[in-house]
Amino acid sequence: MRDTQVDQSGQFARIPILSTALHCVAMTVLVFLRSSFGYLYLRPRSLLFGMGWAVALFSVYAWLEPGMWTRYRAVCVYGLTAFALYCFHLGHSVWQQTQRKAVNDQHSGTSHLLRLLPTPDEGKARFEFMVHLWGEPILVLALATVLRVFGFFRLPTWLTVAAFCLFASELTNYWLTLRREKRQTDMMEEAAEKGDAGTEGMDIPAPKATRKPPRKRGPSGS
């Protein structure tokens, strides 16, 4: 059974609130893992700039308050670096727009792992999907484990949460992509069925002759 077709606002469907929340948390690690983002993929800028501003204010507080910087210096340095990288990626995307060299606005960025790992010629898209879905979250979890072994606790906790959000975000985007492709296939099949039903059973008359039969003329002068 095919799905009932509904009007989708925008080309790329999203789950309200959930997709935005997962994306914002995942972006705190994606700015380290990828480059060449699309302009629209870096949204929502208002929330991400708000998160960066909050981290900056907390860093100032931790620096001025006695004893706080020692406890939160790793989180503050990581947060400020992530925000600086986000601003860099956003500026680079805007510059590409002005130079008319920008990639797809929804481009999720090119993973640094793809530049390091040998990419197969066949199944390149699936290999990239597996790196995004499994490789990057596992790498973040491994980094969180190493930092916890070296005595850090707050930053590894955030990295663990971000890794799961990254995995859930990629899985959600993959599911929505499958649903969108299925809707497009159903629409094409429905259009073909309507076209066949419109011509089926119609009695189409034969075309009428457009030439008149030749008329015999009598002898001249008769």
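Keep in mind the model is a prediction, meaning the values are calculated, not measured. (Residues numbered from 1 in each chain as written. Predicted model: local features only at pLDDT ≥ 70, side-chain atom pairs only at ≥ 80, totals over all residues. Heavy atoms only, no water.)

Novice: Account for the packing of helix α2 (residues 45-64) against helix α3 (residues 68-98), with residues named and values stated.
Specialist: As a packed pair, α2 and α3 sit with axes 9 Å apart at the nearest point and diverge in direction by 150 degrees. Here α2 runs over α3; the crossing is left-handed. When α2 is examined against α3, the residues Arg45, Leu48, Phe49, Gly52, Val55, Ala56, Phe58, Ser59, Tyr61, Ala62 and Trp63 are found in contact with a partner set consisting of Met68, Trp69, Tyr72, Cys76, Gly79, Leu80, Phe83, Tyr86, Cys87 and Leu90. Broken down by class, the residue content of the contact of α2 with α3 amounts to 17 nonpolar, 3 polar and 1 charged. (Axes fitted to C-alpha atoms, helices over the stretch in contact; angles between N-to-C directions. Helix = DSSP H or I, 4+ residues; strand = E, 2+ residues; numbered from the N terminus. Left-handed = near helix turned anticlockwise from the far one by under 90°. Contact = heavy atoms within 4.5 Å. Nonpolar A, V, L, I, M, F, W, Y, C, P; charged D, E, K, R; others polar.)

Novice: Describe a nonpolar patch on the surface, with residues and values.
Specialist: Taken together, the side chains of Val146, Val149, Phe150 and Phe152 define a hydrophobic patch exposed on the protein surface, amounting to about 410 Å² of accessible area. Mapped onto the elements, Val146 comes out in helix α5 (residues 124-149). Residue class for Val146 comes out partly exposed when judged on its relative accessible area of 42%. (Patch = residues over 30% accessible without salt bridge, like charges linked within 9 Å, V, L, I, M, F, W, Y side chains within 5 Å. Areas by Shrake-Rupley, 256 points an atom, 1.4 Å probe, with all protein chains shown as cover. Salt bridge = Lys/Arg side-chain N within 4 Å of Asp/Glu carboxyl O. Buried < 20%, exposed > 50% of the residue type's maximum accessible area, 1.4 Å probe, protein only.)

Novice: How would you sum up α3? Please name residues and give values.
Specialist: For the α-helix, the turn length of 3.6 residues means that residues three or four positions removed from each other point alike. With 31 residues, α3 extends 43 Å from end C-alpha to end C-alpha; this agrees with the ideal 45 Å at 1.5 Å per step. The principal kink in α3, of about 45 degrees, is found at Ala74. For α3, the set of buried residues is Met68, Tyr72, Ala74, Cys76, Tyr78, Gly79, Ala82, Tyr86, His89, Leu90, Ser93 and Gln96. Just beyond α3, the residue with positive phi is Arg100, at close to 55 degrees. (Expected span 1.5 Å × (residues − 1). Bend = angle between axes of the 7 residues up to and from the residue.)

Novice: Could you give an account of the packing of helix α1 (residues 18-33) against α5, naming the residues involved and the relevant values?
Specialist: Orientation of α1 relative to α5, taken along the N-to-C sense of each, is 100 degrees, at an axis distance of 11 Å. With respect to each other, α1 and α5 are oriented roughly perpendicular. Here Val29, Leu30 and Leu33 of α1 lie close against α5, whose contacting residues are Glu136, Leu139 and Val140. In terms of residue class, the contact of α1 with α5 is made up of 5 nonpolar, no polar and 1 charged. (Parallel < 35°, antiparallel > 145°, perpendicular 65-115°, else oblique.)

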